[in-house]
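These are the residues of each chain, in order.
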Amino acid sequence: MSQDSSVIFKNVVKAFNDTHVVKSINFQVDSGKLVTLLGPSGCGKTTTLRMIAGLELPTSGEIYISGKEVSKVSASGRNVGMVFQSYALFPHMTVLQNVCYGLSNQKSKKEEMFEKAEKALATVGLSHFKERYPSELSGGQQQRVAIARSIVIQPDVLLFDEPLSNLDAKLRRQVRQDIRDLQQEIGVTAIYVTHDQEEALAISDDIIVMNDGEISQIGSPNNLYKHPENTFVAQFIGDANKLTGNIVDNAENRVFKINEHCLFTYQGDKTVGKYDVFIRPNALKFVNSESPSDISFPAKIKKSIYLGSHTEYQLVTPWGDSLFMIDYSFDEPLANQTKIFISIDARGVSIV
Ligand code: ATP
């Protein structure tokens, strides 16, 4: 593993025939970080990952790994490990043989190969299964073998292409945490592709949000959630209600208003005027309808869905927008058509 194991993309374009599926993207992943490429299906995540692996070459632009330009270097000339969603294990080989296969390109002695493979298996906690065949393992264990096979070469960069897609929801949480723990333990630079925003938020140092072959925004999970820079990011990461209204001066403070309704007190640095705002579903709160405050508005429940830990509501506002709300309280769900008052926690609002 090199000391510098950064990955840099400079104006990288990838076209298939005449279709540009990656349109001049720029980013840098620093050594030892886990960065996720996140975006909807077809936005170019996998193509970007495959260009890092050398499985696709860029149409134009430059790719650097560990400070060296590799734009035209094939996969075998790059020290990169890759974990696929399908695991891609050989069914006729034992776990240990599968992991050794990762080293077959390196001219190591047999004993040395087994030693390295056993060490990689110990790192993923599977030493005791080394003589088993893949069919004798669970999906999560097979994925760990695939990870062992990709770390055994001590790659400069480890790539994950939707590695949890074949696992059930509960196991997905466990394995994603295992991947993050392992990545931090061995300190490898990792780039991870997913279309699942929760997965990206849970494991990443930084997230590169992609849309239609372009980068919409790069930031830490917290930064992207709190400060989306555009409509796509606001709505793709964590759901958001989009409303249009006015920031106006009230008696003592500045408020965001739609028609005569004050939605929330505004304390940011935007000037008076018309704006689009994005409101997180959990920023909407029920207000006691006996004594609603000035900074609240009436609404009606169109639909409620009880989901155990929380209830999802669709609300209708007097100005005609519908709002998506999530209530995490222990209260009984309210019936459809109930009239209520709503306030907004301004911490869950962003103005783009
Ligand atoms: P998903 O989450 O569905 O895997 P993605 O974001 O990873 O999507 P890519 O697999 O990178 O998207 O594909 C981006 C676009 O490039 C898609 O429209 C896809 O059809 C197209 N594409 C990918 N590989 C090829 C190829 N070899 N030839 C032609 N078009 C391709």
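Below you will find a few notes about this structure. (Residues numbered from 1 in each chain as written. Predicted model: local features only at pLDDT ≥ 70, side-chain atom pairs only at ≥ 80, totals over all residues. Heavy atoms only, no water.)

**Points about the sheet that holds strand S15 (residues 284-287)**
Here we have five strands laid out as an open sheet, ordered S15-S19-S16-S17-S18, and antiparallel in their pairing. Two strands close off the open sheet at either side, each with one partner strand: S15 and strand S18 (322-327). On average, each strand axis in the sheet is tilted by 50 degrees relative to the strand beside it, whichever way the strands run. The sheet contact formed by strand S17 (residues 311-316) and S18 spans six bridges and is antiparallel. Across the sheet, Glu312 pairs through a bridge with Ile326, a residue of S18. (Pairing = 2+ DSSP bridges. Helix = DSSP H or I, 4+ residues; strand = E, 2+ residues; numbered from the N terminus. Axes fitted to C-alpha atoms, helices over the stretch in contact; angles between N-to-C directions.)

**Quick notes on the side chain of Glu56**
Mapping Glu56 onto the fold places it in the loop between helix H1 (45-53) and strand S4 (60-65). With sequence-adjacent residues up to four places away left out, Glu56 is seen in contact with Lys14, Phe16, Arg50 and Met51. (Contact = heavy atoms within 4.5 Å.)

**Considerations on the sheet that holds strand S6 (residues 80-83)**
With respect to topology, six strands assemble into an open sheet ordered S6-S7-S8-S3-S9-S10, the strand pairing being mixed. Each having just a single partner strand, S6 and strand S10 (214-219) make up the two edges of the open sheet. Within the sheet, the average angular offset between the axes of one strand and its neighbour, ignoring direction, is 20 degrees. Strand direction decides the pairing type here: strand S7 (residues 157-161) and strand S8 (residues 189-194), joined by five bridges, are parallel. Bridging across to S8, Val157 finds its partner in Thr189. Sitting on the sheet, helix H4 (residues 139-151) is in contact with S6 and S7, with an inclination near 170 degrees to S6.

**As for the side chain of Asn241**
Considering the arrangement of structural elements, one finds Asn241 in strand S11 (residues 241-249). Of the residues examined, Asn241 reaches a relative accessible area of 7% and is grouped as buried. Among the polar contacts listed, one links the side chain of Asn241 to the backbone nitrogen of Phe324, at a separation of 2.7 Å. The contacts of Asn241, once residues within four sequence positions are left out, are Val277, Phe278, Ile279, Arg280, Pro281, Leu284, Ser322, Leu323 and Phe324. (Buried < 20%, exposed > 50% of the residue type's maximum accessible area, 1.4 Å probe, protein only. Polar contact = N/O pair within 3.5 Å; in protein donor to acceptor, adjacent residues only side chain to side chain.)

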